[in-house]
Amino acid sequence: MVQERRKSSNVLLDTALQEFYGAADEMGLNEKLISILSHSERRLEVSVPVEMDDGSVNVFSGYRVQHSTALGPSKGGIRYDPEVDMDECEALAMLMTWKCSLAGIPYGGGKGGISCDPSTMSKKEKERLSRTYGARISPILGKWKDIPAPDMNTSGQEMVWIMDTVSKMREELEPSLLTGKPVSYWGSKGRNEATGRGVATCGLELMKILGKNPSSVTASVQGFGNVGSYTAKTLSDAGVKIVAISDVTGAYYSEHGIDINKAFEVQRSNPKKLLTGFEKVGNCEKIENELFVEAEFLFPCARDGMINRRTAPEIKARYIIEGANGPITPDGDEILAKNGALVVPDFLANSGGVIGSYFEWAQNLQGIFWTEEEYNEKLVRIMKDNFRRVWDYAESKKIRMRRAATMAAIQRVADVVEMRGTFL
Ligand code: NAD
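Source: prediction; values computed, not measured. (Residues numbered from 1 in each chain as written. Predicted model: local features only at pLDDT ≥ 70, side-chain atom pairs only at ≥ 80, totals over all residues. Heavy atoms only, no water.)

Student: Just give me the short version of helix α10 (residues 330-338), but keep the residues and values in it.
Tutor: Among all positions in α10, only Gly332, Asp333 and Leu336 are buried. Projection of α10 onto a plane perpendicular to its axis shows the buried side chains occupying an angular sector of 100 degrees, all on one side. Residues of α10 that are exposed and point more than 90 degrees away from the buried face comprise Pro330 and Lys338. Packing partners of the buried residues in α10 comprise β11 (319-321), β12 (342-344) and α14 (401-420). Looking one or two places after α10, you find Gly340, whose phi comes out positive at around 85 degrees. (Buried < 20%, exposed > 50% of the residue type's maximum accessible area, 1.4 Å probe, protein only. Helix = DSSP H or I, 4+ residues; strand = E, 2+ residues; numbered from the N terminus. Arc of directions from axis to C-beta. Contact = heavy atoms within 4.5 Å.)

This is the structure we're talking about:
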């Protein structure tokens with residue numbers, strides 16, 4: 001009997017499911033594997049009671065979803081946001097399965113979070129929230145089970161609170177239980193720059209394939225946070241002329257190329273880490289929109305949905321590397337394809353983050369620490385190999401890179417599920 005295909009009223013989950021079914025059908029994956037992989041292995045919901053500073057108690061909802069542990073322990077972030085719910089976690093966990101598979105690392109996919117507004121909470125309230133949540137999802141966490149990391153509105157601090165709580169409960173230090181920890185406490189040198197370095201590496205590898213010298217290439221980078229700033233810096237260090245950068249304060253343009261080191265200086269001296277006033281010291285002008293400039297390469301590294309039905313027709317770049325998660329909507333993607341633009345998909349381009357997390361976990365398991373040079377050298381090598389693999393696969397099948405990456409990722413998981421059998 002063929003099992004009915006899943007649909008969801010949650011847009012994110014439905015998009016993840018339909019993209020999976022589309023790729024699976026194109027690959028000719030059998031219905032047994034399609035049924036298994038379209039469901040999550042485990043979906044845990046916990047209540048998280050927190051004593052607030054005024055003495056009252058708020059009970060928050062917390063989630064942890066493990067979509068697949070076929071390739072290894074599930075891996076994925078923990079986010080604190082009012083929008084968090086089970087369906088969102090499930091969609092993001094499934095995407096993590098494909099991301100880890102494509103990256104060639106020994107992880108499945110997971111995701112978790114708490115439905116809360118951390119901007120209204122004190123540090124002590126967030127500590128109590130993190131510790132109680134950590135304690136309640138602890139039965140399914142473990143260095144060989146499920147390894148969370150920071151995500152939206154969480155950082156190394158939340159990871160330390162959760163690690164400390166679980167370590168105390170188990171009466172044993174658990175450094176490899178979580179990644180994204182501070183360098184001073186079991187973290188890794190190089191992790192902070194890893195995602196941007198990986199995004200830029202995909203861009204530079206594409207230039208190599210196209211026979212373009214980086215110093216003759218122009219690029220625009222949207223977003224100057226963790227991902228965007230290190231993408232811009234790595235590209236600029238390689239000789240690429242970055243003609244535009246941006247953040248929430250606006251877009252900054254120079255036809256002669258933006259001085260990225262100066263942009264870092266301005267951003268770091270700003271209490272909110274913003275580019276406020278950069279046009280005055282950066283020898284550049286403020287423009288309406290960095291997406292629409294005349295640049296060959298575009299790196300959207302800010303947030304989801306920025307390139308959509310409205311903005312896609314105005315984009316002049318021929319090559320778009322997705323640094324953020326989901327910066328192009330499905331209808332935006334179609335418009336770009338019709339206009340002849342080539343897109344490198346997010347779960348290939350920004351996988352430097354999770355590869356870097358894998359490095360942290362591997363070091364923690366062994367109790368040794370690599371130098372930053374070792375870390376960067378390994379990261380760049382893996383990113384180049386992965387990029388080439390997807391490029392070659394897309395070329396051989398004459399399909400877009402996004403579909404090629406999804407198919408290659410699904411195939412690796414499907415092969416292992418087939419080998420291990422359905423008793424998982
Ligand atoms: P961040 O908060 O450090 O930076 C986001 C940047 O985007 C900021 O500079 C912000 O000002 C800017 N921005 C927001 N809205 C904008 C707009 N409308 N126009 C222009 N700029 C805008 O976040 P981040 O960690 O750099 O993450 C960025 C994206 O990359 C997210 O989609 C995230 O999920 C994804 N991502 C991050 C990592 C990581 O390791 N940090 C890994 C994989 C994927």
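Student: Before we move on, could you go through unusual backbone geometry and cite the residues and values that matter?
Tutor: Backbone geometry follows two general trends: most residues other than glycine have a negative phi, and most peptide bonds adopt the trans configuration. Even without glycine at this site, Glu171 takes up a positive phi of about 55 degrees. Relative to the elements of secondary structure, Glu171 occurs in the loop between α5 (156-170) and α6 (191-209). For Trp186, which is not glycine, the phi dihedral falls at a positive 70 degrees. Secondary-structure assignment places Trp186 in the loop between α5 and α6. For Trp186, a relative accessible area of 24% corresponds to the partly exposed category.

Student: An account of the site of the ligand is needed here, citing residue identities and associated values.
Tutor: Close to the ligand lie 20 residues; Thr195, Asn226, Val227, Val248 and Asn325 are nearest. Between Asn325 and the ligand, the recorded distance is 3.0 Å, taken from a side-chain N or O atom to an oxygen atom. Relative to its free-state accessible area of 820 Å², the ligand is covered by the protein chains to the extent of 68%. Among the elements of the structure, α6, α7 (226-237) and β7 (241-247) are those that each provide at least two residues to the shell around the ligand. A class-by-class count of the residues in the shell around the ligand yields seven nonpolar, nine polar and four charged. (Near = heavy atom within 4 Å. Polar contact = N/O pair within 3.5 Å; in protein donor to acceptor, adjacent residues only side chain to side chain. Areas by Shrake-Rupley, 256 points an atom, 1.4 Å probe, with all protein chains shown as cover. Nonpolar A, V, L, I, M, F, W, Y, C, P; charged D, E, K, R; others polar.)

Student: Mind laying out the packing of aromatic side chains, listing which residues take part and the relevant values?
Tutor: Taken as a whole and judged by the stated rule, the model has 16 aromatic pairs. For the ring pair Tyr252 and Phe278, a centre distance of 5.6 Å and an interplane angle of 70 degrees mean the geometry is edge-to-face. In this pair, Tyr252 is assigned in strand β8 (residues 250-253) and Phe278 in helix α9 (residues 278-281), connecting sequence segments 26 residues apart. With respect to class, Tyr252 is no different from Phe278; both count as buried. With 6.0 Å between their ring centres and 45 degrees between their planes, Tyr358 and Phe359 make a pair best called tilted. Through successive ring pairs, a cluster of aromatic residues spans Tyr107, Trp144, Tyr358, Phe359, Trp361, Trp370 and Tyr375. Directly above the aromatic system of Trp370 lies the positively charged group of Lys378, at a separation of 4.4 Å from the ring centroid. (Phe/Tyr/Trp six-rings, centres within 6.5 Å; stacked < 30°, edge-to-face > 60°. Lys NZ or Arg CZ within 6 Å of the ring centre and 35° of its normal.)

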